[in-house]
Amino acid sequence: MTINAAMVKELRDASGAGMMDAKKALVESKGDMEAAIDWLRTKGLAKAAKKSDRTASEGLVCMNVGADCGIAVEVNSETDFVAKNSEFQDMVESITEVAIGCSDVDQLLSESIDGQKVKDILTKNISVIGENLSVRRIKKLEGKCVSMYVHNAVKPNMGKIGVLVSLSKDNKEFGKQVAMHIAATNPESLSEKDLDVSLLERERSILMDQAKESGKPDNIIENMVNGRLKKYLEEVTLLNQKFVINPDLTVAEAAKHAGVDIVGFIRLEVGEGIDKKEEDFASEVEKTING
């Protein structure tokens with residue numbers, strides 16, 4: 001039987017499946033619409049597709065540290081209930097184990113775990129769990145000594161906030177302290193030279209407008225802006241921040257005392273940057289029950 005575009009569209013509308021999946025289902029079922037829907041449901045594709053437009057802003061960050069690099073992966077779910085589920089956690093851990101050799105999400109989704117591609121494992125678990133799931137981000141940090149810290153951990157390498165820190169030489173204890181500091185303070189960059197230029201210019205413009213309202217002479221205004229900009233840099237750049245372990249020192253001074261240089265860092269927090277829909281507790285429970 002010839003499968004035409006109208007049939008594919010009808011099946012897509014009925015199931016929420018993708019165009020290629022809908023076409024394949026129709027071919028497999030010889031054009032029988034009901035049989036095609038059953039085929040999609042059997043493969044978990046209909047249910048997964050219907051979930052795919054739902055916001056997944058919960059989940060976990062999982063990390064894996066190798067000999068000369070560390071990897072951090074964010075895998076999202078719709079609710080915190082799922083993030084607390086051991087099967088979801090096992091899936092996230094297995095995905096992170098194969099992520100160490102990947103440079104981006106697309107490459108990770110094509111990796112295989114026990115003969116199954118990561119993207120197919122996600123599709124299967126969307127069907128079983130009943131929520132939209134996604135691998136959102138993957139970040140890699142290279143260095144001779146990479147330390148990690150997990151905040152709100154459900155396992156030693158998995159939680160709501162994950163931080164990796166690269167040092168110039170081995171000092172795991174100090175590396176973990178710096179990672180804890182980063183988890184708490186969320187710096188924008190390592191130093192001023194690493195800070196986004198547009199961010200710095202935006203802050204300078206705001207400070208200039210504020211200073212001009214004082215009505216003071218231009219040379220005084222310039223000094224005011226420079227002073228406030230220096231304070232801003234002390235707040236947003238890691239090396240200039242007061243070290244939470246010892247506030248009498250900056251992070252740069254603490255690193256000097258420890259005999260190391262901080263080469264770089266990565267901080268991932270679950271759901272950051274995602275527009276979340278506010279839901280009450282009862283609604284979240286109902287969503288989980290109804291799938």
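Structure first, text after, so check above.
For the structure given in this document, a descriptive report is provided here. Computed from a prediction, not measured in an experiment: that's the story for all the values here.

Attention now goes to the overall build of the protein chain. Of regular secondary structure, the protein chain possesses 13 helices and 11 strands. Counting across all 291 residues of the protein chain, residues that qualify as buried make up 43%. Taking the intrachain contacts of the protein chain between residues at least 6 apart in sequence as the baseline, contacts between residues at least 24 apart amount to 63%. Only carbon and sulfur atoms are counted for the fraction: they give 48% of the accessible area of the protein chain, which is about 15,900 Å².

Another aspect to go through is the sheet that holds strand β5 (residues 134-142). One open sheet accounts for 4 strands, arranged β5-β2-β1-β7; its pairing is antiparallel. Bordering the open sheet on either side are β5 and β7 (158-159), each of which pairs with just one other strand. Here strand β1 (residues 58-65) pairs with strand β2 (residues 69-77) via 8 bridges, running antiparallel. Bridge assignment links Gly-59 to a residue of β2, and that residue is Asn-76.

Before going further, it helps to spend a moment on the pattern of salt bridges. Enumeration according to the criterion identifies 10 salt bridges in this entry. Ionic pairing is found between Glu-272 and Arg-137, a salt bridge with its closest N-O pair at 3.0 Å. Here Glu-272, found in the loop between β11 (262-269) and α13 (281-290), pairs with Arg-137, found in strand β5; they are 135 residues apart in sequence, far enough to count as distant. Among the residues examined, Glu-272 registers a relative accessible area of 25% and is labelled partly exposed. A relative accessible area of 18% means that Arg-137 is categorised as buried. Between Arg-204 and Glu-222 there is a salt bridge whose closest N-O contact spans 3.9 Å. Of this pair, Arg-204 sits in helix α10 (residues 197-212) while Glu-222 sits in helix α11 (residues 218-236); the two residues are 18 residues apart in sequence, bridging distant segments of the chain. The exposure class assigned to Arg-204 is partly exposed, which follows from its relative accessible area of 27%. Residue class for Glu-222 comes out partly exposed when judged on its relative accessible area of 33%. Connected via shared salt-bridge partners are Glu-58, Asp-80, Lys-84 and Lys-160.

Calculation rules
- Residues numbered from 1 in each chain as written.
- Predicted model: local features only at pLDDT ≥ 70, side-chain atom pairs only at ≥ 80, totals over all residues.
- Heavy atoms only, no water.
- Helix = DSSP H or I, 4+ residues; strand = E, 2+ residues; numbered from the N terminus.
- Buried < 20%, exposed > 50% of the residue type's maximum accessible area, 1.4 Å probe, protein only.
- Contact = heavy atoms within 4.5 Å.
- Areas by Shrake-Rupley, 256 points an atom, 1.4 Å probe, with all protein chains shown as cover.
- Pairing = 2+ DSSP bridges.
- Salt bridge = Lys/Arg side-chain N within 4 Å of Asp/Glu carboxyl O.

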